[in-house]
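Structural characterization, general
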Amino acid sequence: MGGLYMVLASLLSPISLPIARTLSLPRLPEHFPTVLLAYISFQLVELVSPLILASISPIHFGHANSHVKHNWVLRVVSMAHALTIIPLAFLCLDLPELDQDRAYGFDSRVGHVNAIACGFIWDTLESIFHFTSIGFIVHGATCLIVYALSFRPFLGYYGVRFLLWELSTPFLNIHWILDKTNRTGGTLQIINGIILMVVFFLARLCYGGWMSIRFFYTLKGVQAEIPTVVALAYALGNLALQGLNWIW
C-alpha cells in the first residue's frame, strides 16, 4: 500500500505545484495526493451509501422521498468523515514539534490529517449544489481555507485541536437517524440526546472557546510576520466557526 501511495504521490504532487507557489503553501505538494484521495473516498461513500442503506433499511430508506434519501446519504458521509478524522486528530495532540512552536510547528502526521480535512471539500460543494443554509456553506468554505493555509505551514497546533469539534457529530447523526426510524422520544434517543448536548457543550463551546482564546493569543504574537490577508482569514474564520457553534 505504501508503494502504491508513493507512485500516486509522484504522479499527483506536481499538479499542486502552481497552487503551492501562488499561495505560498510549500508543504502542500507532499500531501496533495491525500487531499485528492480523501475527496474521492468521500465521493465513493456517497455513491455506495444508497445501495447499503436500501439493503439494511428497506422500509425507512427505501420508502422515503428523494430529499430524505439525500439526507440519509449526507449523514453517512458525515459519519465517515468524523470517525476518520477524530482518532487521527487525537494522535497528533502530543507532538513535540507542535507544542514547541504553536505558530509554525509542523509534522507530516499533522499534514496528513489536514489533507483529509481539505479533502472534505466534498462538504463545501455539497452545501453549494444542494443549498439548504448559508451557515453550512460558510462552515465548509471556512474550514477549507483555514486547513489549506495550514500548509504554509501555519497554526498546525490548533488545527488538529479544532477538529475535535467533530466529537459531537456522530451523536448528532444518530439523533437524526433515530428520528427517521420512528424512535423519536425513545429511551435510546433520550440517552443519545443527553450525550450529544454534553459533548457539544464540552467539545465545541468549552474546549473550542478556550482553544480560540489561545489561538488568538498565538496569532497576535506573529501577526507582524505573516501577510495581513492570512491573519484576517484565520481570525475571521475562527470567529465564523465559533459563532456557528453558538448558533447551532
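This write-up is about the structure you can find in this document. The shown structure was predicted, so the numbers you read here are calculated from the model rather than taken from an experiment. (Residues numbered from 1 in each chain as written. Predicted model: local features only at pLDDT ≥ 70, side-chain atom pairs only at ≥ 80, totals over all residues. Heavy atoms only, no water.)

1. Regarding the overall build of the protein
Within the protein one finds twelve helices and zero strands. For the protein, the N- to C-terminal ordering of α and β elements is α-α-α-α-α-α-α-α-α-α-α-α. Here the protein has a C-alpha radius of gyration of 19 Å; the compact-globule value for 248 residues is 18 Å, and the two agree. For the protein, the share of sequence-separated contacts (at least 6 apart) that also reach a separation of at least 24 residues comes to 76%. Approximately 12,900 Å² of the protein is accessible, and the part contributed by carbon and sulfur atoms is 72%. Across the protein, 13 positive and 12 negative side-chain charges occur, with their mean positions spaced 4 Å apart. (Helix = DSSP H or I, 4+ residues; strand = E, 2+ residues; numbered from the N terminus. Rg over C-alpha atoms; globule rule 2.2 N^0.38 Å. Contact = heavy atoms within 4.5 Å. Areas by Shrake-Rupley, 256 points an atom, 1.4 Å probe, with all protein chains shown as cover. Lys, Arg positive; Asp, Glu negative; His and termini not counted. Charge placed at Lys NZ, Arg CZ, Asp CG, Glu CD.)

2. A short note on the packing of aromatic side chains
Aromatic rings considered in pairs are described by the distance between their centres and by the relative angle of their planes. This model, assessed by the stated rule, comprises 13 aromatic pairs. Centre to centre, the rings of Tyr-104 and Phe-154 are 5.7 Å apart; their planes meet at 40 degrees, and the pair counts as tilted. Pair noted here: Tyr-104 is in the loop between helix 5 (96-100) and helix 6 (108-119) and Phe-154 is in the loop between helix 8 (134-149) and helix 9 (156-162), with a separation of 50 residues, a long-range link. The partly exposed category is assigned to Tyr-104, whose relative accessible area is 27%. The buried category is assigned to Phe-154, whose relative accessible area is 1%. Members of the aromatic cluster, connected to one another through ring pairs, are Tyr-104, Phe-154, Tyr-157, Tyr-158, Phe-162, Trp-165, Phe-215, Phe-216 and Tyr-234. Above the plane of the ring of Tyr-157 lies Arg-161, whose end atom (NZ or CZ) is 3.7 Å from the centre. (Phe/Tyr/Trp six-rings, centres within 6.5 Å; stacked < 30°, edge-to-face > 60°. Buried < 20%, exposed > 50% of the residue type's maximum accessible area, 1.4 Å probe, protein only. Lys NZ or Arg CZ within 6 Å of the ring centre and 35° of its normal.)

3. A few points about helix 6
Here helix 6 contains twelve residues, and its C-alpha end-to-end distance of 16 Å stays within 8% of the 16 Å for a straight helix at 1.5 Å per residue. In terms of burial, helix 6 is largely enclosed, as nine of its twelve residues are buried. Residues of helix 6 that are buried: Val-110, Gly-111, Val-113, Asn-114, Ala-115, Ile-116, Ala-117, Cys-118 and Gly-119. Contact partners of the buried residues in helix 6: helix 3 (28-56), helix 4 (66-90), helix 5, helix 7 (121-129), helix 8 and helix 9. (Expected span 1.5 Å × (residues − 1).)

4. Points about the environment of Ala-117
Summarising the element assignment, Ala-117 is placed in helix 6. Along the sequence, Ala-117 and Thr-84 sit 33 residues apart, while their C-alpha atoms lie 9.9 Å from each other. Filtering out sequence-adjacent residues up to four positions away, Ala-117 remains in contact with Ile-85, Tyr-147 and Leu-163.

5. Quick word on the side chain of Gln-242
Along the chain, the position of Gln-242 falls in helix 12 (residues 228-247). Given a relative accessible area of 10%, Gln-242 falls into the buried group. In terms of polar contacts, Gln-242 uses its side chain to reach the backbone carbonyl oxygen of Arg-204, at 3.2 Å. (Polar contact = N/O pair within 3.5 Å; in protein donor to acceptor, adjacent residues only side chain to side chain.)

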